[in-house]
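Examination of the molecular architecture
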Protein chains: 2
Amino acid sequence: MTVVARQFHLRARPEGLPASDNFELVERSLPAPHSGQVLVRNLWLSVDPYMRGRMTGRESYIPPFEIGEPLDGAAIGVVVESDDTGLRPGDVVSHFAGWRDYAVVDATSATKIDPAIPEQAYLGPLGFPGFAAYIGLLRIGKPQSGETVFVSAAAGSVGSLAVQIAKIKGCRVVASAGSEEKLRWLRDEAGVDATINYKEAGDMSAALDTAAPEGIDIYFDNVGGTHLEAALSAANDFARFALCGMIDQYNSEPSGPRNIYAAIEKSILLQGFITIHNMSVWEDFQRDVARWILDGEIKWQETVLHGLESTPAAFLDLFAGKNIGKMVVDLRDDPQGGS
Amino acid sequence: MTVVARQFHLRARPEGLPASDNFELVERSLPAPHSGQVLVRNLWLSVDPYMRGRMTGRESYIPPFEIGEPLDGAAIGVVVESDDTGLRPGDVVSHFAGWRDYAVVDATSATKIDPAIPEQAYLGPLGFPGFAAYIGLLRIGKPQSGETVFVSAAAGSVGSLAVQIAKIKGCRVVASAGSEEKLRWLRDEAGVDATINYKEAGDMSAALDTAAPEGIDIYFDNVGGTHLEAALSAANDFARFALCGMIDQYNSEPSGPRNIYAAIEKSILLQGFITIHNMSVWEDFQRDVARWILDGEIKWQETVLHGLESTPAAFLDLFAGKNIGKMVVDLRDDPQGGS
C-alpha cells in the first residue's frame, strides 16, 4: 500500500505566543515498513505546552524542533500494515509520531494499549501528562495523609491527575484554575477541597492564605509567576515543591519569585523534573493509574478538536486556556489515505 | 560577686541597611547564678548576617529580636562563677548569650571547648557558620569527586569552609568574592581552582561560564540575586543548590531568579535549609571539622574588632563586605566588671 501522509512542519519559530502561520501542512509519500516497523494510521493526537519550548531553537532536555521538519508528539494509532512479529494490523498502539495522520514507526517505540480503557486516556492520565503528575506528586511531594497540597493549573491534563492522586493519598487539596467551569469540575468531580479562580483572585497570596489557612505542605507547580510566589509565601516548614511547568513564563518576559528567600527560612525543597529522566517508574505508573481508572477513582476531562487540520489550533488554544483537561485531536473521522 | 553587665539592646528596627542608632548599650545588674547556672565573662562575640533577619519583627525559624530587649548570638566566655557540678571557674565555653560582656546562662546551654583549638574557631569553622557549610555542602550538595562546586561569598565564614570541604571531597571549586585580596586568599590558602570578583565581573553568568566551562554540579548560595541566576544558567542536569543565605536580598528590594525555569529543564534541586533543623548531625560535624583543623586541612580567616562597644560596627561592616572570613569581637582586653 502506498500512503501519502499529511504532516505538520514548523515553518518559523514563534516569538512570544505561537500563531497559526508558524505551521504548515505538508504531504509526503511514506515508504513501506521495513522489518521491525509498522505503518500506523493515527486516531488521536496530543498537543502539550512543553512543545512550545521545542519550538525555540535552544538545546534542552529534548531536541528542538527544526524549521522545515515535521513536528512530533504523543499519538494513538491503529496498525495498518506490519513487518513486525509482535504487532498486527488492527492493534491500537501509543507512539510518538504525532502531528500527522500516517506514520511508519519502529515497533519497539509503539506500545499496545489496554482495550478496556478509552484510547485517548493514553494521551492524558496514562500518558506523559499523567506520568508527570505521578512523579511530581509521589516522588517529589511524598504526600502524607492529612497534609495540604496546592496544585496550579489544576484542571489541566497534569494538574487534574495530581489533585486526584493527592486525594487518593488522603491529602487536603487546594486547586487553582482560570474559570468557574473548571473550578466546578474540580470540586464536584475531582473532589478538591478548595479552589481559587486565579483570573479573579487579584492577590494570589491572599487567595491562597484564605484557601489554605493551615499553610501548604506540597506545591505542584504548572504555572510559575505569582502562583509560585504565593506558594512560597504559604508554605509550611519543610514543604516540597514539584516544579513541573511554568506556563506563565513560556511566552512572556520571565520573572522570578521575589520571595525565594522563603525557601531558606522554611527549609523548602524545590525540585525541577522531567518525565523522561524517570522512566524507571513508568511501569509502576501504568499499573497504578490503570487500576485507579478501572476502579473509577480517577476522572479526566478532555477537550477534543476534530480533524488533522485543527492540530495547530488545538495547540494555540492551550495558551489561551481554552481547554478543559487534556487537549486532543480526534482523527477517527478523517478521510483515509492510501491506495 | 555582683556584676553589672553591659549589653546591647535593639533600640529600633532597621529599615534597609542597619545603622548604629538601631542599637543602644545598656547596663544591667546580674543576679547570682542559680543551681545549674554559671556566670560567664565573654571573651569573644560573634556577629552574623542572619541577625539582620531577627531585627525585623517578622516571625521566622528563630524568634525576632524585640525592641528594648537584649540581642543575643554565639559567644565564647570563661566561667567566673558556677553553681553547676559540670562546669568550674576557668572553663572556657561556647554559649549563646552574645552582644554583652557578662551573662548568667544555664550550664546545659554552655559547652566546653577543646583547648587545643583557638577559642574563636568555635564561632567560625566549629560554630554555626561552619555547621551551615557542612550541612549544605555534604547533606544537600552530596559532592562526588570530580564534580564542580560554585560557592558565593566564598571568603566569608560559611563560604570559606564550604570551599575547603569541597576540596577535601575531591571537587573542582569556583569561588566568588568581592575583592582581589579575598580571591587571593581563596586561591593561595583555600586552594580553590577558579575565582570570580563579582564586583568587577559585570555579567555574572558570563563570568561563571568562563570559570566553569564544564558547568556546575553544586551551588552553595550565600548571596541570591544575580549569583543565583548565574548558577541556574551554568547548572548541569541534576545539579544541587544548597540555599544557605541571600545577603543580596536582606537590605534591598528583593528580586527573584528570572531563569527559575532552568530548574525544570535541568532537573535542579534547590533546598533551603536552617542549621538548627539539622542538629542530629552536630556531633559528626564537630568531630570531622575539629579533625580537619587539627590536621591542618582547614584554614580560616577572621576579622577582629576589639571591645564590646565595637559590636554594632562589626555587625554593620558585614553588610559593607569589610570582613574577610569570620567577623568576631574580641573582649579579652575589656575592663572587667564585678565587685
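These numbers come from a predicted model, not from an experiment. (Residues numbered from 1 in each chain as written. Chains lettered and ligands numbered in written order. Predicted model: local features only at pLDDT ≥ 70, side-chain atom pairs only at ≥ 80, totals over all residues.)

This part takes up the overall build of chain A. Within chain A, the regular secondary structure consists of 10 helices and 15 strands. For chain A, the C-alpha radius of gyration of 20 Å lies close to 20 Å, the compact-globule estimate for 339 residues. If one aligns the C-alpha atoms of chain A with their principal axes, the spans along those axes are about 65 × 45 × 35 Å. Considering only intrachain contacts with a sequence separation of at least 6, the fraction spanning at least 24 residues in chain A is 68%. (Helix = DSSP H or I, 4+ residues; strand = E, 2+ residues; numbered from the N terminus. Rg over C-alpha atoms; globule rule 2.2 N^0.38 Å. Contact = placed C-beta atoms within 7 Å.)

Within the largest apolar cluster, 224 residues are counted, with the highest numbers of intra-cluster contacts made by Leu208, Ile216 and Ala231 of chain A together with Ile216 of chain B. For Leu208 of chain A, the residues in contact, after removing those within four places along its chain, are Phe150, Val174, Ile196, Ala230, Ala231 and Ala234 of chain A. (Core = buried A, V, L, I, M, F, W, Y, C linked by C-beta atoms within 7 Å. Buried ≥ 20, exposed ≤ 12 C-beta atoms within 10 Å, placed from the backbone.)

Before going further, it helps to spend a moment on the domain arrangement of chain A. Residues and elements named next belong to chain A. The assigned domain composition of chain A is domain 1 (3-124 + 301-330) and domain 2 (128-276). The C-alpha-based centres of domain 1 and domain 2 are spaced at 29 Å. Each side of the interface is counted separately: domain 1 has 15 residues, and domain 2 has 17 residues. A breakdown of the residues in the side of domain 1 that touches domain 2 according to their chemical character gives 6 nonpolar, 6 polar and 3 charged. (Domains from an automatic or database assignment. Nonpolar A, V, L, I, M, F, W, Y, C, P; charged D, E, K, R; others polar.)

Residues and elements named next belong to chain A. Among all positions in helix α5 (residues 204-211), only Met204, Ala207, Leu208 and Ala211 are buried. For α5, the arc enclosing every buried residue in end-on projection is 95°, short of the 170-degree limit, so these residues lie on one face. Contact partners of the buried residues in α5: β8 (148-151), β9 (172-177), β10 (194-197) and α6 (225-234). (Arc of directions from axis to C-beta.)

Glancing now at the relation of the copies chain A and chain B. Rotating chain A by 180° and moving it 0.0 Å along the rotation axis overlays it on chain B with an RMSD of 0.0 Å. Interpreted geometrically, this transformation is the action of a two-fold axis. Measuring from the rotation axis to each C-alpha of chain A, the shortest distance belongs to Gly256 of chain A, at 1.9 Å. A shared interface surface links the copies, since 100% of the contact residues of chain A are contact residues in chain B too. (Least-squares fit on C-alpha atoms with pLDDT ≥ 70 in both.)

The next point concerns the environment of Cys244 of chain B. Tracing the backbone through its elements, the reader meets Cys244 of chain B in the loop between β12 (235-243) and α7 (247-250). Remark: the alpha-carbon pair of Cys244 of chain B and Gly136 of chain B, spanning 108 residues in sequence, is separated by 7.0 Å. What Cys244 of chain B contacts, discounting residues up to four positions off in sequence, is Ile264 of chain A together with Ala132, Gly136, Val158, Phe220, Asp221, Asn222 and Phe273 of chain B.

All names here are of chain A. Direction of pairing for β9 relative to β10: parallel, over a ladder of 4 bridges. Looking at β10, one finds that Ala175 is bridged to Thr195. As for the winding sense of the linkage, the β-α-β connection from β9 through helix α4 (residues 180-188) to β10 is right-handed. (Pairing = 2+ DSSP bridges. Right-handed = clockwise from strand over helix to strand, strands pointing away.)

Contact residues are listed per partner, giving 29 residues for chain A and 29 residues for chain B. Where the side of chain A that touches chain B is concerned, the elements lending two or more residues are α8 (262-265) and β13 (269-272) of chain A. Considering every element that reaches the side of chain A that touches chain B, the biggest residue donor is β13 of chain A, with 4 residues. Partitioning the side of chain A that touches chain B into residue classes produces 15 nonpolar, 11 polar and 3 charged. Sheet analysis places β13 of chain A next to strand β13 (residues 269-272) of chain B, joined by 3 bridges and oriented antiparallel.

Now for helix α2 (residues 128-141) of chain A. All names here are of chain A. Taking burial as the measure, the 14 residues of α2 include 12 buried ones, the bulk of the element. Among all positions of α2, only Phe128, Pro129, Gly130, Phe131, Ala132, Ala133, Tyr134, Ile135, Gly136, Leu137, Ile140 and Gly141 are buried. Directly after α2, the chain includes Lys142, whose backbone phi takes a positive value near 45°.

Attention shifts here to the sheet that holds strand β11 (residues 216-221) of chain B. Reading across the sheet, the 12 strands line up as β10(A)-β9(A)-β8(A)-β11(A)-β12(A)-β13(A)-β13(B)-β12(B)-β11(B)-β8(B)-β9(B)-β10(B) and stay open at both edges, with mixed pairing between neighbours. Sheet topology places β10 of chain A together with β10 (194-197) of chain B at the edges, where each strand pairs with a single neighbour. Each neighbouring strand pair of the sheet contributes to a mean axis angle of 15°, computed without reference to strand direction. Sheet topology note: the β12 of chain B/β13 of chain B ladder contains 4 bridges and is parallel. Counted as the bridge partner of Leu243 of chain B is Gly272 of chain B from β13 of chain B. Contacts between α4 of chain A and the sheet are confined to β9 and β10 of chain A, with β10 of chain A contributing the most and set at about 170° to the helix. Those strands touched by α5 of chain A are β8, β9 and β10 of chain A, and its axis lies near 165° from that of β10 of chain A. (Axes fitted to C-alpha atoms, helices over the stretch in contact; angles between N-to-C directions.)

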